[in-house]
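What the coordinates show
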Number of protein chains: 2
Amino acid sequence: MHTVRRPPAMRDVAHLAGVSHQTVSRVVNDHPNVRSETRARVLAAMRALDYQPNAAARTLATNRSQTVGLVTFDTTLFGPSFMVHAIERAAREAGYFVSIASAREPDVPQVREAIRRLREQAVEGIVTLAPVAAAWTALRQEPLDVPIVGLGIASGEADGVPMVAIDNAAGAALATRHLLGLGHATVHHVAGPANWPEARERQAGWRAALEEANRPAPAALTGDWSAAAGYDAGLALAERTDVTAVFCANDQMAIGVLRALHEAGRRVPRDVSVVGFDDVPEAPYLLPPLTTVRQDFAELGRHSLALLVDQISTGARRSEQQRCAPSLIVRGSTTAVR
Amino acid sequence: MHTVRRPPAMRDVAHLAGVSHQTVSRVVNDHPNVRSETRARVLAAMRALDYQPNAAARTLATNRSQTVGLVTFDTTLFGPSFMVHAIERAAREAGYFVSIASAREPDVPQVREAIRRLREQAVEGIVTLAPVAAAWTALRQEPLDVPIVGLGIASGEADGVPMVAIDNAAGAALATRHLLGLGHATVHHVAGPANWPEARERQAGWRAALEEANRPAPAALTGDWSAAAGYDAGLALAERTDVTAVFCANDQMAIGVLRALHEAGRRVPRDVSVVGFDDVPEAPYLLPPLTTVRQDFAELGRHSLALLVDQISTGARRSEQQRCAPSLIVRGSTTAVR
DNA sequence: CTGTTAGCGCTTTCAA
DNA sequence: TTGAAAGCGCTAACAG
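As the structure is a prediction and not an experimental result, all values here were calculated from the model.

Cut-offs applied
Residues numbered from 1 in each chain as written. Chains lettered and ligands numbered in written order. Predicted model: local features only at pLDDT ≥ 70, side-chain atom pairs only at ≥ 80, totals over all residues. Heavy atoms only, no water. Helix = DSSP H or I, 4+ residues; strand = E, 2+ residues; numbered from the N terminus. Rg over C-alpha atoms; globule rule 2.2 N^0.38 Å. Buried < 20%, exposed > 50% of the residue type's maximum accessible area, 1.4 Å probe, protein only. Contact = heavy atoms within 4.5 Å. Axes fitted to C-alpha atoms, helices over the stretch in contact; angles between N-to-C directions. Parallel < 35°, antiparallel > 145°, perpendicular 65-115°, else oblique. Left-handed = near helix turned anticlockwise from the far one by under 90°. Nonpolar A, V, L, I, M, F, W, Y, C, P; charged D, E, K, R; others polar. UniProt positions renumbered as here; feature names shortened; annotations may be inferred. Domains from an automatic or database assignment. Buried area = accessible area lost by both parts, 1.4 Å probe. Salt bridge = Lys/Arg side-chain N within 4 Å of Asp/Glu carboxyl O. Polar contact = N/O pair within 3.5 Å; in protein donor to acceptor, adjacent residues only side chain to side chain. Phe/Tyr/Trp six-rings, centres within 6.5 Å; stacked < 30°, edge-to-face > 60°. Near = heavy atom within 4 Å. Pairing = 2+ DSSP bridges. Least-squares fit on C-alpha atoms with pLDDT ≥ 70 in both.

1. Side note on the overall build of chain A
- Regarding its fold elements, chain A presents twelve helices and twelve strands.
- For chain A, whose C-alpha radius of gyration is 26 Å, the value lies well above the compact-globule estimate of 20 Å for 338 residues.
- Principal-axis analysis of the C-alpha atoms gives chain A an extent of 85 × 40 × 35 Å.
- Counting all 338 residues of chain A, 56% fall into the buried class.
- Partitioning the intrachain contacts of chain A with sequence separation of at least 6 by distance along the chain shows that 72% fall at a separation of at least 24.

2. Concerning the packing of helix α1 (residues 10-17) of chain A against helix α3 (residues 36-49) of chain A
Residue and element names in this part refer to chain A.
- In contact at an axis separation of 9 Å, α1 and α3 are set at 125 degrees when each is read in the N-to-C sense. Taken together, the axes of α1 and α3 are oblique relative to one another. At the point where α1 passes α3, the crossing takes the right-handed sense. For the pair formed by α1 and α3, the contact residues are Asp12, Val13, Leu16 and Ala17 on the first element and Arg41, Val42, Ala45, Met46, Ala48 and Leu49 on the second.
- A breakdown of the residues in the contact of α1 with α3 according to their chemical character gives eight nonpolar, no polar and two charged.

3. Digging into the UniProt feature "domain: HTH lacI-type" (unreviewed entry) in chain A
- UniProt's feature table lists "domain: HTH lacI-type" (unreviewed entry) at residues 8-62 of chain A, given in the numbering used throughout.
- Between the C-alpha atoms that bound residues 8-62 of chain A there is a distance of 21 Å. The span itself is 69% helix and 0% strand.

4. Description of the domain arrangement of chain A
All names here are of chain A.
- According to the domain assignment, chain A contains domain 1 (1-52), domain 2 (67-166 + 297-325) and domain 3 (168-295).
- The distance between the C-alpha centroids of domain 2 and domain 3 comes to 29 Å.
- In this assembly, 14 residues from domain 2 lie in contact with 16 residues from domain 3.
- Summed over both partners, the interface of domain 2 with domain 3 comes to about 1,400 Å²; 60% of that surface belongs to carbon and sulfur atoms.
- At the boundary of domain 2 and domain 3, one finds one salt bridge.
- For arginine 323, the salt bridge identified is with glutamate 201, shortest N-O distance 2.8 Å.
- Counting the contacts that link domain 2 with domain 3 gives three residue pairs in polar contact (both at pLDDT 80 or more).

5. Regarding the packing of aromatic side chains
All names here are of chain B.
- By the definition in use, this model includes ten aromatic pairs over all chains.
- Residues phenylalanine 78 and phenylalanine 297 carry aromatic rings whose centres are separated by 5.5 Å and whose planes lie at 80 degrees to one another, so their mutual orientation is edge-to-face. Taken together, the residues span a long stretch of sequence, with phenylalanine 78 in helix α5 (residues 78-93) and phenylalanine 297 in helix α12 (residues 297-314) at a distance of 219 residues. Of the two residues, phenylalanine 78 and phenylalanine 297, neither departs from the other in class, the shared state being buried.
- Where phenylalanine 247 meets phenylalanine 277, the ring centres are 6.3 Å apart and the plane angle is 50 degrees; that geometry is what we call tilted. With a gap of 30 residues between them, phenylalanine 247 in strand β8 (residues 245-248) and phenylalanine 277 in strand β9 (residues 273-278) connect regions that are remote in the sequence. Across this residue pair, the class does not change: phenylalanine 247 and phenylalanine 277 are buried.

6. Quick look at the protein's contact with DNA strand D
- The full set close to DNA strand D counts 25 residues, and A:Met10, A:Gln22, A:Tyr51, B:Arg26 and B:Thr38 are the nearest of them.
- Each atom of DNA strand D within 4 Å of the protein was assigned to sugar, phosphate or base; sugar and phosphate come to 58%.
- In the model, a phosphate oxygen of DNA strand D is placed 3.3 Å from a nitrogen or oxygen of the A:Asn54 main chain.
- In the environment of DNA strand D, a phosphate oxygen lies 2.8 Å from a nitrogen or oxygen atom belonging to the backbone of B:Arg35.
- Those elements that place two or more of their residues in the surface near DNA strand D are α2 (21-28) and α4 (55-62) of chain A together with α2 (21-28) and α4 (55-62) of chain B.
- Looking at the surface near DNA strand D residue by residue, the class counts come to ten nonpolar, eleven polar and four charged.

7. Brief notes about the sheet that holds strand β1 (residues 67-73) of chain B
- One open sheet holds the twelve strands; their spatial order is β11(A)-β5(A)-β4(A)-β3(A)-β1(A)-β2(A)-β2(B)-β1(B)-β3(B)-β4(B)-β5(B)-β11(B), and the pairing between them is mixed. Two strands lie at the open edges of the sheet, namely β11 (321-324) of chain A together with β11 (321-324) of chain B, each paired on one side alone. For this sheet the average axis-to-axis angle between neighbouring strands, irrespective of direction, equals 20 degrees.
- As paired strands, strand β1 (residues 67-73) of chain A and strand β2 (residues 97-103) of chain A are joined by seven bridges and run parallel to one another. Of the residues in β2(A), the one forming a bridge with A:Val68 is A:Val98.
- Contacts from helix α5 (residues 78-93) of chain A reach β1, β2, β3 (125-128) and β4 (148-151) of chain A together with β1 and β2 (97-103) of chain B within the one sheet, and its direction differs from that of β2(B) by about 85 degrees.

8. Quick look at the protein's contact with DNA strand C
- By nearness alone, 26 residues border DNA strand C, and A:Arg26, A:Thr38, B:Met10, B:Gln22 and B:Tyr51 come closest of all.
- For DNA strand C, the fraction of protein-proximal atoms (within 4 Å) that sit in sugar or phosphate groups is 58%.
- At a separation of 3.4 Å, a base oxygen of DNA strand C approaches a polar backbone atom of A:Ala61.
- A distance of 3.3 Å is found between a base nitrogen of DNA strand C and a backbone nitrogen or oxygen belonging to B:Ala57.
- Split by residue class, the surface near DNA strand C holds ten nonpolar, twelve polar and four charged.

9. Structural notes on the sheet that holds strand β6 (residues 188-191) of chain B
All names here are of chain B.
- Taken together, six strands build an open sheet; the order of strands is β7-β6-β8-β9-β10-β12 and the sheet is mixed. Taken across any chain shown, the strands that pair with only one partner, and hence form the sheet edges, are β7 (221-222) and β12 (327-329).
- Sheet topology places β8 next to β9; three bridges connect them, and they run parallel. Within the sheet, the bridge partner assigned to phenylalanine 247 lies in β9 and is valine 275.
- The strands touched by helix α8 (residues 168-181) within the sheet are β8, β9, β10 (291-294) and β12, with β9 carrying the most contacts at an inclination of about 165 degrees.

10. Digging into the relation of the copies chain B and chain A
- When chain B is brought onto chain A, the operation consists of a screw motion whose angular component is 180 degrees and whose axial shift is 0.0 Å, with 0.1 Å RMSD remaining. In the structure described here, the two chain copies are related by an operation that fits a two-fold rotation axis.
- Taken together, the interface assignments show that 98% of the residues at the interface of chain B recur at the interface of chain A, consistent with an identical surface on both copies.

11. Here's the deal with the packing of α5(B) against α12(B)
Residues and elements named next belong to chain B.
- One way to put it is that α5 packs onto α12 with a least axis distance of 8 Å and a crossing angle of 45 degrees. What the angle tells us is that α5 and α12 run oblique. Handedness of the α5/α12 crossing: right-handed. Residues Phe78, Gly79, Phe82, Met83, Ala86, Ile87, Ala90 and Ala91 of α5 touch α12, and the partners they reach there are Phe297, Ala298, Leu300, Gly301, Arg302, Ser304 and Leu305.
- Partitioned by chemical class, the residues of the contact of α5 with α12 number eleven nonpolar, three polar and one charged.

Below, the structure is given as structure tokens:
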């Protein structure tokens with residue numbers, strides 16, 4: 001007789017344990033009404049066969065996939081990459097699998113396509129690491145028959161969609177006030193791309209802090225978050241001898257600015273003070289060590305998943321925004337104006 | 001009459017189009033034997049209802065989940081984070097979803113647990129971004145009823161399991177020969193953790209290149225890939241005035257070394273030349289711009305998925321190793337010995 | 001406490 | 001070219 005090679009199913013366990021497959025199901029799902037002796041027999045059979053429940057069958061029967069989707073971008077940015085792990089860990093602890101769908105470009109069609117793919121897998125909720133306005137538009141266009149949480153999306157655009165983000169404006173203000181407090185007449189800004197709400201929030205926070213101190217706000221330069229863009233901005237800044245303080249919207253651009261200032265013969269922090277944003281692991285080891293605004297990416301990831309799971313389990317739709325407080329880490333790239 | 005709120009199923013589409021659900025299935029799966037007029041009607045009905053196939057039902061019926069699993073680590077390293085995207089994109093293009101399972105620590109139980117979770121979801125194959133010996137042990141212990149591909153795992157330990165990796169020894173030799181060619185008497189090495197095969201391969205490549213040139217191989221220092229570890233190693237190196245060339249097993253440690261040498265008053269590249277490994281995006285903008293060995297992470301990701309898909313579709317088990325060639329990128333952190 | 005029955009939404013096989 | 005029937009492995013509802 002030939003036995004087909006297939007993974008053991010519940011019926012096989014049931015057969016071996018001498019019970020019905022239903023009883024096996026009860027054991028698997030920790031139902032209370034199973035005699036402990038029966039349970040033990042079933043567990044033994046499960047072990048003997050190396051039984052693994054079939055997720056597809058369970059999903060089909062319960063209409064619950066135990067999976068959450070994660071929309072990511074094809075980015076080399078530190079924050080998003082890091083948060084993937086934090087989210088996966090939080091999901092695992094909450095009993096969910098994580099399925100990812102990445103969009104190459106942060107435009108509306110690609111984000112919608114990513115969401116479509118995730119829904120096809122019947123994910124129970126979606127976290128989108130999509131801090132781009134286009135992603136946001138896509139979210140609002142979705143039927144939203146599934147809970148969605150945005151990670152790092154600016155408040156103004158979050159019409160009724162729950163989100164978790166750092167308080168970018170507060171972080172930018174922290175950086176700007178720090179520089180003003182060191183005696184700098186004003187603070188220049190290297191901003192992120194205008195289609196990123198986080199970039200706009202940081203720029204707004206910088207501007208507000210300057211206004212609060214009655215200082216003129218110079219025109220901001222804009223980069224794409226990369227060190228290369230920071231380098232270009234830094235060269236432009238270096239041409240102006242009145243520039244003594246620069247706040248960059250992220251650490252990678254700050255690295256480029258440091259490089260450009262160095263090439264132009266302007267010393268940091270002696271001639272120019274520089275502040276970044278993120279606190280990447282390398283920040284303390286740059287030349288000079290970078291003063292920066294720290295984001296707790298792990299916390300952001302955990303919070304977003306908690307918010308999602310809450311929506312999934314209560315069935316409620318939230319529209320709240322959770323803001324995490326950033327902190328300023330002062331290192332060697334800033335000093336009192338001479 | 002009350003209609004229950006549930007996503008449209010195939011039967012609903014069939015009903016609307018006036019055909020059997022079977023015909024709808026044929027349309028969905030692009031079967032040839034459907035009259036084009038019928039097909040059009042079905043497609044119209046699908047659009048009208050915004051029909052989405054139920055992945056769980058399909059998986060249950062076909063025993064194919066169209067999903068590949070990805071084992072990752074809770075790391076802030078650039079390479080692994082970046083490869084996640086490359087793999088996801090390649091998977092999408094090949095018609096697969098990607099489910100991730102991350103292990104907090106690279107030890108055997110956690111890797112096995114990650115693999116167990118993925119198998120529970122009936123993934124058709126697994127890519128493991130687990131360049132750690134423990135992960136490797138775990139892979140070999142698995143029943144392997146599902147194809148597995150390792151990414152970045154050293155050859156010696158890859159008994160019969162297919163893998164894709166950069167040629168670490170060749171990359172290390174490239175770096176070492178470059179330094180020797182500049183006239184340095186020998187090259188010191190800041191190695192990665194000994195339980196990472198990649199670290200061991202790089203160390204072996206460095207040692208081999210020295211031996212090939214009949215140079216003494218100094219004792220290697222070991223770090224954990226972080227800039228902090230590089231800093232510590234750099235301080236130790238700076239105490240020895242005979243050190244003129246350092247090859248670091250990754251760029252992050254090189255950043256720490258640059259910092260430490262600077263603090264110790266040793267100038268790079270004037271007094272000491274430094275080479276990294278990876279070519280992170282910031283490398284050209286460091287002070288000085290970092291000479292380093294470039295890995296094409298995107299290519300590694302694509303290759304690993306191609307190898308996996310090949311195994312899935314042919315049903316064959318491979319044990320081949322694909323090695324990608326690294327290249328040396330010479331920048332400002334290395335120069336001829338004085 | 002345990003077993004029986006009836007689907008979940010889809011694909012596969014066979015028949016028409 | 002289309003339809004009918006059976007079953008993938010599991011859970012929910014009910015019966016005992």
